[in-house]
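# Analysis of the macromolecular model
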Amino acid sequence: MRVMVLVKATEDSEKEFVATPETMAAMEEMGRFNDELRKAGILLAADGLTPSSRGKRVAFDGPRRTVIDGPFAETRELVAGFWLWEVKDLDEAVAWVKRCPNPMPGPSEIEIRPIYEMADLQKGSDSGD
Amino acid sequence: MAAGETHQATEAIFRIERARLIAGLARIVRNVDLAEELAQDALVIALSEWPRTGVPANPGAWLMTAAKRRAIDAIRRDKMRERKHEEIARDLDGDVDDTAEAIEASLDDDLGDELLGLIFTACHPVLSADARAALTLRVIGGLTTDEIARAFLSNEATIAQRIVRAKKTIAKAGLGFEVPRGAERAARLSSVLEVIYLIFNEGYAATAGDDLVRPSLCLEAGRLGRMLAELMPDDAEVFGLLALMEIQASRLPARIGPDGALMPLTEQNRARWDQLLIGRGLAALARAEALGGNGPYALQAALAACHARARSADDTDWPRIAALYDRLRVVMPSPVVDLNRAIAHSMAFGPEAGLVLLEEVAEDPALRNYAPLPAARGDFLFRAGRLAEARFEFDTAAKLTRNARERAFLRSRADACGPSVRKAAG
């Protein structure tokens, strides 16, 4: 199964990245974790996101489209980075996430979300027949 | 980490570590079966201890140490048993002690990367192709014998026996679980690549049964290919195979039409092709080409990439594909390659060109009763407007295929040719 693994934002990740001995050490540690993911053959993609202050939102309401500039409130609901993994099941994904170094200096959260598969989507069309 | 760990979580950690554990243990005890057993013992110990202690900081090393301790116990126990049973004092194997001591000395070693050695051993040419695939899925992929049996449409007992026999063959041959060097390496690597691609193809183009695709095998082969690319980052063909599998797997969501029938490449809905996998495949191909890739897998990946790059079937660069097939048949001479070359030339230069090339391979005994041959000829004839002859070929192909859904597809192509000659005449 393919999962998206989301690193949730914190006050720290919402600030621009600054290279310091601490942030560089944290990056290196995360790099080693990524190496392990690659060696296990499960890593498909990974990227880090810039703070939401650099982002935009488009709000939909009927035909209306409203562009909202970042930064966005509710920091903890934002995403700071992600991986795409191909794993056998959710347990395997959880086991890998537990091995991840804490992505933030303080308390943080990583969320695992399985991606829809063909079979999931076909269920709908079958019941619609 | 004071909190205890659940059974389920412990097993998930074990699955991550299992292949490396078996690889490290097999190197020491020179026996896959024993290595697998010791790894399993380590899991049992973890299941009883981790709920109390929590997961150790380095679970892989912890499991390895537990397994090694069991190995020492087992060796000592065997030695005791031998002492009791042997009336005549025999010179007990000096190396029993040596082995136990060697394991004891290595107790604090880091978990090494012996995985590649185990992959090469499981794919050793001394084993049959089926045995290699089953053993690789078992010890590297961590599939159960039941899962392997279902994947290969076999029964569990047959697969279990195949694996047991393979392990015995390895033990008998005295294989060292090492990565071969020098001239042997290339030959042995091609065996490894062949096993991984066989697993992929068993999933991609299921040769029997009602399912045309068994994606779980494709996923497993993809994982093995990515693992291998990490372990052998300087080999063009390793990246060639990885590129080939990623690009082919990108089409999995589009290969089966809404009615459950096989969709030919040219008719697939390209919007459903997995762009993430295509991107990964093209990157792996670039890497293979940078490493001088001109081998069978790199060329096949280059072929797959021609399709992946085309935004629509009409955009396909058929002359380039035809040229790649001209090269491929040199490094990988095979009647099947020649058949596909004929198809490529028919697309690049017209059905007549395809029919000419087909004549050159049609008599090859390897293609006798090979459904894709009449299927291709049927397609060329259909496009040349020779419908009655095309119908005959599609009917022949439908009778030859073992796959129920492919048969349905070929019958529908036969029907599209209109009524048979006899009926038309009557």
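Relevant structure appears above.
These lines cover the structure that appears in this document, whether it is placed above or below. (Residues numbered from 1 in each chain as written. Chains lettered and ligands numbered in written order. Predicted model: local features only at pLDDT ≥ 70, side-chain atom pairs only at ≥ 80, totals over all residues. Heavy atoms only, no water.)

Regarding its fold elements, chain A presents three helices and six strands. Listing every helix and strand of chain A by position from the N terminus yields β-α-β-β-β-β-α-β-α. Put simply, 77% of the contacts in chain A that link residues at least 6 apart link residues at least 24 apart. Of the roughly 8000 Å² that chain A leaves accessible, carbon and sulfur atoms contribute 56%. (Helix = DSSP H or I, 4+ residues; strand = E, 2+ residues; numbered from the N terminus. Contact = heavy atoms within 4.5 Å. Areas by Shrake-Rupley, 256 points an atom, 1.4 Å probe, with all protein chains shown as cover.)

Another aspect to go through is the interface of chain B and chain A. Tallying the contact residues gives 27 residues for chain B and 22 residues for chain A. Summed over both partners, the interface of chain B with chain A comes to about 2100 Å²; 48% of that surface belongs to carbon and sulfur atoms. Counting the contacts that link chain B with chain A gives six salt bridges. Ionic pairing is found between B:Arg223 and A:Glu92, a salt bridge with its closest N-O pair at 3.2 Å. In this structure, the connection of chain B to chain A is made through 10 residue pairs in polar contact (both at pLDDT 80 or more). For the side of chain B that touches chain A, the elements supplying multiple residues, two or more each, are α1 (7–29), α10 (215–231), α12 (252–255) and α13 (275–290) of chain B. For the side of chain B that touches chain A, the element with the most residues is α1(B), which contributes eight residues. (Buried area = accessible area lost by both parts, 1.4 Å probe. Salt bridge = Lys/Arg side-chain N within 4 Å of Asp/Glu carboxyl O. Polar contact = N/O pair within 3.5 Å; in protein donor to acceptor, adjacent residues only side chain to side chain.)

The subject of this paragraph is the nonpolar core. A:Trp83, A:Trp85 and B:Leu228 are the most contacted members of the largest nonpolar core, which has 130 residues in total. Ranked by residues supplied to this core, first place goes to α1(B) with 11 residues. Setting aside residues no more than four positions away along its own chain, A:Trp85 makes contact with A:Met1, A:Arg2, A:Val3, A:Val5, A:Phe33, A:Leu37, A:Ile42, A:Leu43, A:Leu44, A:Ala93, A:Trp96 and A:Val97. Counting 20 residues, the second-largest nonpolar core is a separate cluster that includes B:Val361, B:Leu381, B:Ala397 and B:Ala414. (Core = buried A, V, L, I, M, F, W, Y, C linked by side-chain atoms within 4.5 Å. Buried < 20%, exposed > 50% of the residue type's maximum accessible area, 1.4 Å probe, protein only.)

Residue and element names in this part refer to chain A. Taken in spatial order, the four strands line up as β2-β5-β1-β6 in an open sheet, and their pairing is antiparallel. Both outer strands of the open sheet, β2 (43–48) and β6 (110–114), are each paired with one neighbouring strand and no more. Taken over all neighbouring pairs, the strand axes of this sheet differ in orientation by 15 degrees on average, direction set aside. Bridging between strand β1 (residues 2–8) and strand β5 (residues 79–86) involves seven bridges; their strand directions are antiparallel. (Pairing = 2+ DSSP bridges. Axes fitted to C-alpha atoms, helices over the stretch in contact; angles between N-to-C directions.)

Our focus in this paragraph is the pairing of strand β3 (residues 56–61) of chain A. All names here are of chain A. Relative to strand β4 (residues 64–69), β3 runs antiparallel, the two sharing six bridges. Bridge pairing in β4 links Ala59 to Thr66. Here β3 folds back onto β4, and the loop between the two strands holds two residues, one of which, Gly62, carries a positive phi near 60 degrees.

Packed helices, taken two at a time, are described by their axes: the angle between them and the distance between them. Residues and elements named next belong to chain B. Running from amino to carboxyl end, helix α18 (residues 372–383) crosses helix α19 (residues 387–400) at an angle of 160 degrees, the nearest separation of the two axes being 8 Å. In terms of orientation, α18 lies roughly antiparallel with respect to α19. Regarding α18 and α19, the two cross each other, and that crossing is left-handed. Residue-level inspection shows Pro374, Ala375, Arg377, Gly378, Asp379, Leu381 and Phe382 of α18 in contact with α19, the latter providing Leu387, Glu389, Ala390, Glu393, Phe394, Thr396, Ala397 and Leu400. A class-by-class count of the residues in the contact of α18 with α19 yields nine nonpolar, two polar and four charged. (Parallel < 35°, antiparallel > 145°, perpendicular 65-115°, else oblique. Left-handed = near helix turned anticlockwise from the far one by under 90°. Nonpolar A, V, L, I, M, F, W, Y, C, P; charged D, E, K, R; others polar.)

Now for the side chain of B:Thr121. All names here are of chain B. Summarising the element assignment, Thr121 is placed in helix α5 (residues 115–122). For Thr121, a relative accessible area of 1% translates into the label buried. Residue contacts for Thr121: discarding those within four places in its chain leaves Leu127, Ile170, Leu175, Phe177, Glu178 and Arg188.

Moving on: the packing of α5(B) against α10(B). All names here are of chain B. Interhelical geometry of α5 versus α10 gives an angle of 125 degrees and a closest axis separation of 10 Å. On the basis of the axis angle, α5 is oblique to α10. In the packing of α5 onto α10, the handedness of the crossing is left-handed. Mapping the contact onto sequence places Leu115, Leu116 and Ile119 in α5 and Met227, Leu228 and Leu231 in α10. Tallied by class, residues from the contact of α5 with α10 come to six nonpolar, no polar and no charged.

Residues and elements named next belong to chain A. Along the polypeptide, Ser52 turns up in the loop between β2 and β3. Since its relative accessible area comes to 8%, Ser52 is described here as buried. C-alpha separation for the pair Ser52 and Pro71, spaced 19 residues apart in sequence, amounts to 4.7 Å.

Turning our attention to the packing of aromatic side chains. Residue and element names in this part refer to chain B. Using the criterion set out here, one finds eight aromatic pairs over all chains in the structure. Between Trp50 and Trp62 the ring centres are 5.3 Å apart and the planes differ by 65 degrees, which places this aromatic pair in the edge-to-face class. Taken together, the residues span a long stretch of sequence, with Trp50 in helix α2 (residues 32–53) and Trp62 in helix α3 (residues 59–85) at a distance of 12 residues. With a relative accessible area of 0%, Trp50 lands in the buried category. (Phe/Tyr/Trp six-rings, centres within 6.5 Å; stacked < 30°, edge-to-face > 60°.)

For the bond from A:Gly70 to A:Pro71, the omega torsion is 0 degrees, close enough to zero to count as cis. Tracing the chain through its elements places A:Pro71 in the loop between β4 and β5. Positive phi values are uncommon outside glycine, yet B:Phe177 reaches one of about 60 degrees. A residue is classified by how much of its surface remains accessible, and B:Phe177, at 2% relative accessible area, is buried. Positive phi outside glycine occurs at B:Asn369, with the angle close to 65 degrees. By relative accessible area, B:Asn369 is classed as exposed at 60%.

What follows is about a nonpolar patch on the surface. Together, A:Phe17, A:Met24 and A:Met27 make up a nonpolar patch on the protein surface, roughly 310 Å² of accessible area in all. Positionally, A:Met24 belongs in helix α1 (residues 21–39). (Patch = residues over 30% accessible without salt bridge, like charges linked within 9 Å, V, L, I, M, F, W, Y side chains within 5 Å.)

Inspection of every chain in the model, using the stated rule, returns 35 salt bridges over all chains. For B:Lys167, the salt bridge identified is with B:Glu36, shortest N-O distance 2.5 Å. Here the residue B:Lys167 occupies a position in helix α8 (residues 156–173), and B:Glu36 occupies one in helix α2, the gap between them amounting to 131 residues. Taking relative accessible area as the criterion, B:Lys167 reaches 10% and is therefore assigned buried. On the basis of relative accessible area, B:Glu36 is assigned to the buried category, the value being 10%. Taken together, the salt bridges that share partners define one network made up of A:Glu36, A:Lys39, A:Arg99, B:Glu17 and B:Arg20.

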